[in-house]
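A look at the structure
Below are the chains, spelled out letter by letter.
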Amino acid sequence: MKNATQLQDKMGGPACALDRTTLILEAQRGLDAVTPAIEAALQDRRITLRAAAKSAPLDTSIVFGIAHQIRGLAGTVGRQSVGALADMLGTYLTDCADSGAPPVDEVVVVLVLALDQAFQLRDGDPVLNETLSAASQLTHSRAPIHSSDARLQPQR
Amino acid sequence: MRLGFLTLNGFSTLSVLVVDDCRHMRELTIALLRGFGFQRTHEADCAEAAWEILQGRQPDILIVDFDMPRESGAKLIARLRHRLPPSAADMPILLMTAFSDMPRVLAARDAGASEILAKPLTIKGLLDRLIAAVDRPRPFVRATTYAGPDRRRRTDPAYDGPRRREGDRNELDLDSIKPRQAI
């Protein structure tokens, strides 16, 4: 028989023996309690992102930082589309930075506008679905050659 | 909960440190952890603050964000894996990342992260990794260039290279093993 791990000793048994359903329900309650504060924080970042997109020259480091935070928070509180658009924005900027190609300001602004619109719509809304599809096509068509996808291709 | 002759206390007996520069992300993560039963939760808003906490107390589990200003989560992990006393350096570490592209995953693995948690966090995803951290810790490897859990998750029966896993030797000393001659 395998020896108990140090943490299992502390817990008094294996973690897999815990009642998953109860733990998940309790965690969901905890999540529900903080969701209003997270929603408010997301709205704050939305306003900051709008302002950053209007700045000239465009400060992509600020845009990336906000996209990163929105990406981290949105999906967990049920805002999958907002999170997906923040992911597209962040990934586009990361790919540009990795490849050395400067980001195209217009692409960034369009993605910020799409993200801003996503805040107003519910997931599953046809307009939001179209926005997601268009934003995805835009980032793929404008992605630098040395994108993260390209790096995963086997060397020949 | 009774489990044989043991009483299963759950996660309430374990302590956890959450490191993230985003206050709301820390609040969200701690809310989930409290739901799982963790009662001793600590937080830090940067790698330096986490390092100070780690000098004074050793949490049972560390959850750290990859992207933080000044020092990244990956650098913090590498630092503590190499510089904390052995009893503390081998704690399970979950690294959270909002952008889980392959270079980041490799950087996290090579820094010594035990598990990678893609953001957005999900309740099930976090719970699964906590259970893995408690029930299935991987053997710890300590060398000059790497300290952390064994990066190989599989055992290859056809492997004929150097035997460097903990189970292969009583005392791991990777630096004493010379590379094989090229054929």
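Residues numbered from 1 in each chain as written. Chains lettered and ligands numbered in written order. Predicted model: local features only at pLDDT ≥ 70, side-chain atom pairs only at ≥ 80, totals over all residues.

**Digging into the overall build of chain A**
Quick reminder of the rule: Segments assigned H or I by DSSP are reported as helices when at least four residues long, segments assigned E as strands when at least two residues long, and all are numbered from the N terminus. Residues with at least 20 neighbouring C-beta atoms inside 10 Å of their own are called buried, those with 12 or fewer are called exposed, and the rest are partly exposed, where every C-beta is derived from the backbone.
Summing up its helical and strand segments, chain A has 7 helices and 0 strands in all. Beginning at the N terminus, the succession of helices and strands in chain A can be written as α-α-α-α-α-α-α. The burial tally for chain A puts 37% of its 156 residues in the buried class.

**Section: the environment of valine 82 of chain A**
Residue and element names in this part refer to chain A. Selection rule: A pair of residues counts as a contact when their C-beta atoms, built from backbone coordinates, are separated by no more than 7 Å.
Structurally, valine 82 can be placed in helix 4 (residues 80–99). Sequence separation between valine 82 and isoleucine 70 is 12 residues; the distance between their C-alpha atoms is 7.7 Å. When neighbours within four sequence positions are excluded, valine 82 is seen to be in contact with Ile70, Ala74, Leu115, Ala118 and Phe119.

**Overview of helix 6 (residues 123–135) of chain B**
Filter applied, for reference: For a helix, the expected span equals 1.5 Å multiplied by the residue count minus one. Think of it as the arc spanned by the lines of direction from the helix axis to the C-beta atoms.
Under the 1.5 Å per step criterion, the end-to-end length of helix 6 of chain B is 18 Å for 13 residues, consistent within 8% with the ideal 18 Å. Those residues of helix 6 of chain B not exposed but buried are Leu126, Leu127, Leu130, Ala133 and Val134 of chain B. Burial along helix 6 of chain B is one-sided: seen end-on, the buried residues are contained in an arc of 125 degrees. Lining the buried residues of helix 6 of chain B we find helix 1 (6–11) and helix 2 (20–54) of chain A together with helix 1 (23–36), strand 5 (61–65), strand 6 (93–97) and strand 7 (115–118) of chain B.

**Observations regarding the pairing of strand 7 of chain B**
The side chains of a regular strand alternate between both faces of the sheet. Residue and element names in this part refer to chain B. Applied cut-off: Here, any two strands with at least 2 DSSP bridges between them count as paired. Looking down the strands as they point away from you, a crossover is right-handed if its path from the first strand over the helix to the second goes clockwise.
The alternating pattern of strand 7 places Glu115 and Leu117 on a buried face and Ile116 and Ala118 on a face that is not buried. By the bridge criterion, 4 bridges tie strand 6 to strand 7 in an arrangement that is parallel. In the sheet register, threonine 97 faces strand 7, and the bridge partner there is alanine 118. In this region the chain leaves strand 6, passes through helix 5 (residues 102–111) and returns to the parallel neighbour strand 7; the handedness of that crossover is right-handed.

**A look at the packing of helix 3 (residues 60–74) of chain A against helix 4 of chain A**
All names here are of chain A. We apply this condition: Think of each axis as a best-fit line through the C-alpha atoms, taken over the contacting stretch in the case of a helix, with angles from 0 to 180 degrees between the N-to-C directions. By the definition used in this description, the sense in which the near helix is turned from the far one sets the handedness, with an anticlockwise turn below a right angle giving left-handed and a clockwise turn giving right-handed. The nonpolar class holds Ala, Val, Leu, Ile, Met, Phe, Trp, Tyr, Cys and Pro. Asp, Glu, Lys and Arg form the charged class, and all remaining residues, Gly among them, are polar.
The N-to-C vectors of helix 3 and helix 4 enclose an angle of 145 degrees; their axes lie 8 Å apart at closest approach. With respect to the hand of their crossing, helix 3 and helix 4 are arranged in left-handed fashion. Of helix 4, the residues touching helix 3 (which contributes Thr60, Val63, Phe64, Ala67, His68, Ile70, Arg71 and Ala74) are Val82, Gly83, Ala86, Asp87, Leu89, Gly90 and Leu93. Considering only residue class, the contact of helix 3 with helix 4 consists of 9 nonpolar, 4 polar and 2 charged.

**Remarks on the confidence of the model for chain A**
All names here are of chain A. Note the threshold: pLDDT measures the predictor's confidence residue by residue and takes values from 0 up to 100.
Taken as a whole, chain A shows an average pLDDT of 85; of its residues, 89% reach a score of 70 or greater. For chain A, per-element mean pLDDT is lowest for helix 7 (residues 148–151), which scores 44, and highest for helix 2, which scores 94. In the predicted structure, residues 146–156 sits below a pLDDT of 50 and forms 11 contacts with residues beyond four places in sequence or in another chain.

**Comments concerning the interface of chain A and chain B**
Contacts between the two partners involve 41 residues from chain A and, on the opposite side, 38 residues from chain B. Elements with a minimum of two residues in the side of chain A that touches chain B: helix 1, helix 2, helix 3, helix 4 and helix 7 of chain A. In terms of residues, the side of chain A that touches chain B owes the most to one element, helix 2 of chain A, which gives 14 residues. Of the residues contributing to the side of chain A that touches chain B, the split by class is 19 nonpolar, 16 polar and 6 charged.

**So, the nonpolar core**
Spelled out, the test is: Nonpolar cores are identified as sets of buried Ala, Val, Leu, Ile, Met, Phe, Trp, Tyr and Cys residues joined via C-beta atoms within 7 Å.
Within the largest apolar cluster, 84 residues are counted, with the highest numbers of intra-cluster contacts made by Val63, Leu85, Leu89 and Leu111 of chain A together with Leu95 of chain B. Broken down by element, this core gets its largest block of residues, 9 residues, from helix 4 of chain A. The contact partners of leucine 89 of chain A, leaving out residues within four places of it in the chain, are Val63, Ala67, Leu111, Val112 and Leu115 of chain A.

**Here's the deal with the sheet that holds strand 3 (residues 15–19) of chain B**
Residue and element names in this part refer to chain B. With parallel pairing, the 5 strands of this open sheet are ordered in space as 4-3-5-6-7. Every interior strand has two partners, whereas the edge strands, strand 4 (40–44) and strand 7, have only one. Neighbouring strand axes in the sheet, compared pairwise and without regard to direction, differ in orientation by 20 degrees on average. Here strand 3 runs beside strand 5; their pairing, made up of 4 bridges, is parallel. In the sheet register, valine 16 faces strand 5, and the bridge partner there is isoleucine 61. In the packing of helix 1 onto the sheet, the strands contacted are strand 3, strand 4 and strand 5, and the crossing angle to strand 4 comes to about 170 degrees.

**Examining the packing of helix 2 of chain A against helix 6 of chain B**
The description of two helices packed together rests on the angle between their axes and the distance between the axes. For the record, the criterion: Angle categories are assigned with fixed cut-offs, so that under 35 degrees is roughly parallel, over 145 is roughly antiparallel, 65 to 115 is roughly perpendicular, and the rest are oblique.
Their axes nearest at 10 Å, the elements helix 2 of chain A and helix 6 of chain B cross at an angle of 125 degrees. With respect to their mutual orientation, helix 2 of chain A and helix 6 of chain B come out oblique. For helix 2 of chain A against helix 6 of chain B, the interelement crossing comes out right-handed. Here helix 2 of chain A contributes Arg20, Leu23, Ile24, Ala27, Gln28 and Leu31 of chain A to the contact with helix 6 of chain B, which in turn contributes Ile123, Lys124 and Leu127 of chain B.

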